[in-house]
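# Secondary and tertiary structure notes
This is what each chain is made of:
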Amino acid sequence: MSNSFLKRFKKEEKPPVIEEQAPVWEDRIYWVSTLQKIALPVLNNLAKGSLRKNMPYESKSAEGQKFAYFEAFARVFNGIAPWLELGVDSSQEGKTREKYLRLTLKAISNAVNPNSNDYIFVVEPKQSLVDVALFAQGLLRAKTQVWLNLPMDIQARIIRELKNTRIIAPYENHWLLYTSIIEATLLEFTGECDKERLTYAISKFRDDFYVGDAIYSDGEDFESNYFNSLVIHPMLNDILAVMRKYGLPEGEFLDVQLMRSSRLASQLERTISPEGTYPLLGKSLAYRCGVFHLLSQAALLKVLPRNISPAQVRSALTKVIQRQFKGNQNFNTEGWLICGLNASQMDLCEDNIDTGSLYACCAVFLPLGLKSEDVFWNAPYEEWSSLKAWNGHQIQPDQPIDF
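First, a word on scope: everything that follows refers to the structure included in this document. The model shown is predicted, which means the values in this text are computed figures rather than measured ones.

Analysis parameters
- Residues numbered from 1 in each chain as written.
- Predicted model: local features only at pLDDT ≥ 70, side-chain atom pairs only at ≥ 80, totals over all residues.
- Heavy atoms only, no water.
- Helix = DSSP H or I, 4+ residues; strand = E, 2+ residues; numbered from the N terminus.
- Rg over C-alpha atoms; globule rule 2.2 N^0.38 Å.
- Buried < 20%, exposed > 50% of the residue type's maximum accessible area, 1.4 Å probe, protein only.
- Salt bridge = Lys/Arg side-chain N within 4 Å of Asp/Glu carboxyl O.
- Phe/Tyr/Trp six-rings, centres within 6.5 Å; stacked < 30°, edge-to-face > 60°.
- Lys NZ or Arg CZ within 6 Å of the ring centre and 35° of its normal.
- Expected span 1.5 Å × (residues − 1).
- Bend = angle between axes of the 7 residues up to and from the residue.
- Core = buried A, V, L, I, M, F, W, Y, C linked by side-chain atoms within 4.5 Å.
- Contact = heavy atoms within 4.5 Å.
- Axes fitted to C-alpha atoms, helices over the stretch in contact; angles between N-to-C directions.
- Parallel < 35°, antiparallel > 145°, perpendicular 65-115°, else oblique.
- Left-handed = near helix turned anticlockwise from the far one by under 90°.
- Nonpolar A, V, L, I, M, F, W, Y, C, P; charged D, E, K, R; others polar.
- Patch = residues over 30% accessible without salt bridge, like charges linked within 9 Å, V, L, I, M, F, W, Y side chains within 5 Å.
- Areas by Shrake-Rupley, 256 points an atom, 1.4 Å probe, with all protein chains shown as cover.
- Lys, Arg positive; Asp, Glu negative; His and termini not counted.
- Charge placed at Lys NZ, Arg CZ, Asp CG, Glu CD.
- Polar contact = N/O pair within 3.5 Å; in protein donor to acceptor, adjacent residues only side chain to side chain.

### Concerning the overall build of the protein
Regarding its fold elements, the protein presents 15 helices and 2 strands. Rg of the C-alpha trace for the protein: 23 Å, near the compact-globule value of 22 Å for 403 residues, within the 12% margin. In terms of principal-axis extent, the alpha carbons of the protein reach across some 95 × 50 × 45 Å. For the protein, buried positions account for 56% of its 403 residues.

Listed below in structure tokens is the structure:
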């Protein structure tokens, strides 16, 4: 039998199929464009004094409507503040930031102005404590570009409203951190605070609420949910940074807290599936990718664990953001977010979730506060933990902590 005949049946070797990845700079462009897609309706309308008029209200309950508008703005601002803090430069992104800085400064001025149609910064027990706290955290994250560029009369009104929250008694859970971060903001901007309201939350979470392996109980009762990432760790980190800056003894806890945050960041990174989905655990799933607040903050603060590279976190979070926002399934026809996880899914939402609540998803954008030349943004694409594992690649075992 001739060799030529046999060659007809010889299996041809084909090169391995390698999924082509977009250039790394496209990730940042996509993040910024998605940020704009989500944030612009809120900021643009509040800057024009038309947020109450144009923002729809969707919820199982009518009780939250008076808070929903400030709720939306506080959550947008909280998430984009580190990006705004980079300031203006000659790049296309820098010019975009300039636009959003102007919108944010005008939006804040309208929000605290009693003569504005969008006077939404009204302190009323109790829900307003949440929104004021998230707004205050945003101010800490954008002190140079936002706080210091506000007119003095607007600053004075904000300080007054922050102090007005002292009439609100928080619940004995993560709400304690809302009062604490407001006092930390007052300390940063005025040099004075109510020390008891500042420190009580720290002592409770440090001494009473820690369960182990980076997880705090949300008060005396423990529930599985994302609140450690959504609120507890991010606020502890920002509060303790201020306390250390001002030499308060409780600030010594910051080192341990950041190590715990590093561990939680590792846990969160491992929950991201190869497809960019994540476990549907606990409440507030309508916050969507905002459940990765702490993972994003750990990247921003550069406290990711050594066995997780910034590039794999960027790649994983990009996949999550694409999964939820590449299409329009989570927006109405006017561009506002709708209640649900990945479409209109009102049954999934708790009674206290409304249109304003949904903008907590903006917390995922914290790493935009890192400059474009940072390793988080310019290192090549890298598989994240679950993708490595399910592709049969080497991956280190999960490592709990005991401090």
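### As for the pattern of salt bridges
A full pass over the atoms with the stated rule returns 19 salt bridges. Of the charged contacts in the structure, one is a salt bridge between Arg270 and Asp398, with a shortest N-O distance of 3.6 Å. One end of the pair, Arg270, is in helix H11 (residues 254-271); the other, Asp398, is in the segment after helix H15 (385-390), with 128 residues separating them in the sequence. Ionic pairing is found between Glu382 and Lys388, a salt bridge with its closest N-O pair at 3.5 Å. The exposure class of Lys388 is buried, given its relative accessible area of 18%.

### Describing unusual backbone geometry
A positive phi angle, near 55°, is found at Arg288, a position not held by glycine. Looking at the secondary structure, you find Arg288 in the loop between H11 and helix H12 (293-301). One non-glycine residue, Ala343, adopts positive backbone phi at about 160°.

### A look at the packing of aromatic side chains
For any pair of aromatic rings, the description consists of the separation of the ring centres together with the inter-plane angle of the planes. This structure, assessed with the given rule, holds 21 aromatic pairs. Residues Tyr210 and Tyr216 carry aromatic rings whose centres are separated by 5.2 Å and whose planes lie at 65° to one another, so their mutual orientation is edge-to-face. Accessibility expressed as a relative area gives 1% for Tyr216, which makes it buried. Between Phe376 and Trp377, the aromatic rings sit 4.9 Å apart at their centres with planes inclined by 75°, giving edge-to-face as the arrangement. Taking the relative accessible area as the measure of exposure, Trp377 reaches 2% and is therefore buried. Chaining the aromatic ring pairs together yields one cluster made of Phe70, Phe73, Phe77, Phe121 and Phe135. It is Lys126 that lies over the ring of Tyr171; its NZ or CZ is 4.0 Å from the centre. Taking NZ or CZ as reference, Arg260 lies 3.4 Å from the ring centre of Tyr210, over its face.

### A look at helix H10 (residues 227-245)
Taking 1.5 Å of rise per residue, 19 residues should cover 27 Å, and H10 covers 26 Å from first to last C-alpha, within 8% of that figure. The largest bend along H10 measures about 25° and falls at His233, with the proline Pro234 one to four residues further on. Within H10, 16 of the 19 residues are buried, leaving the element largely enclosed by the surrounding structure. Just downstream of H10, Gly247 is the residue with a positive phi angle, here 70°.

### A closer look at the nonpolar core
Of all hydrophobic cores here, the largest spans 130 residues; its most connected members are Phe73, Phe135 and Ile158. Broken down by element, the residue count for this core peaks at 12 residues, all from helix H4 (residues 65-85). Residues within four places of Phe135 in sequence aside, it is in contact with Phe70, Phe73, Ala74, Phe77, Ile108, Phe121 and Ile158.

### Comments concerning the packing of H11 against H12
Contact geometry for H11 and H12: axes closest at 9 Å, N-to-C directions at 125°. Between H11 and H12, the interaxial angle falls into the category oblique. Seen along the crossing, H11 lies across H12 with a hand that is left-handed. Of the residues in H12, those in contact with Leu258, Ser261, Leu264, Ala265, Leu268 and Glu269 of H11 are Leu294, Leu295, Ala298 and Leu301. By residue class, the composition of the contact of H11 with H12 is 8 nonpolar, 1 polar and 1 charged.

### Brief notes about the packing of helix H9 (residues 195-207) against H10
Pairs of packed helices are described in terms of their axes, by the angle between the two and the distance that separates them. At their nearest, the axes of H9 and H10 sit 11 Å apart, and the two run at 125° to each other. Judged on the interaxial angle alone, H10 and H9 are oblique. Classified by chirality, the crossing of H10 by H9 is left-handed. On H10, the residues that touch Leu198, Thr199, Ile202 and Phe205 of H9 are Ile232, Leu236, Ile239, Leu240 and Met243. When grouped by side-chain class, the residues that make up the contact of H9 with H10 number 8 nonpolar, 1 polar and no charged.

### Points about H12
Along an α-helix, a turn takes 3.6 residues, which lines up residues three or four apart on a common side. Of all the 9 residues making up H12, 7 are buried; the element is thus mostly covered by neighbouring parts of the structure. Taken residue by residue, H12 has His293, Leu294, Leu295, Ser296, Gln297, Ala298 and Ala299 as its buried positions. In this structure, the buried side of H12 is in contact with H4, helix H6 (128-141), H10, H11, helix H13 (310-325) and helix H14 (375-378).

### Observations regarding a negative patch on the surface
Among the surface-exposed residues, Glu172, Glu220, Asp221 and Glu223 lie close enough to one another that they form a single negatively charged patch. Mapped onto the secondary structure, Glu223 falls in the loop between strand S2 (215-216) and H10.

### Thoughts on the side chain of Ser315
Note on placement: Ser315 falls in helix H13. Polar contacts involving the side chain of Ser315 include one to the main-chain amide nitrogen of Glu382, which spans 3.3 Å. Aside from chain neighbours lying at most four places away, what touches Ser315 is Tyr381, Glu382 and Trp384.

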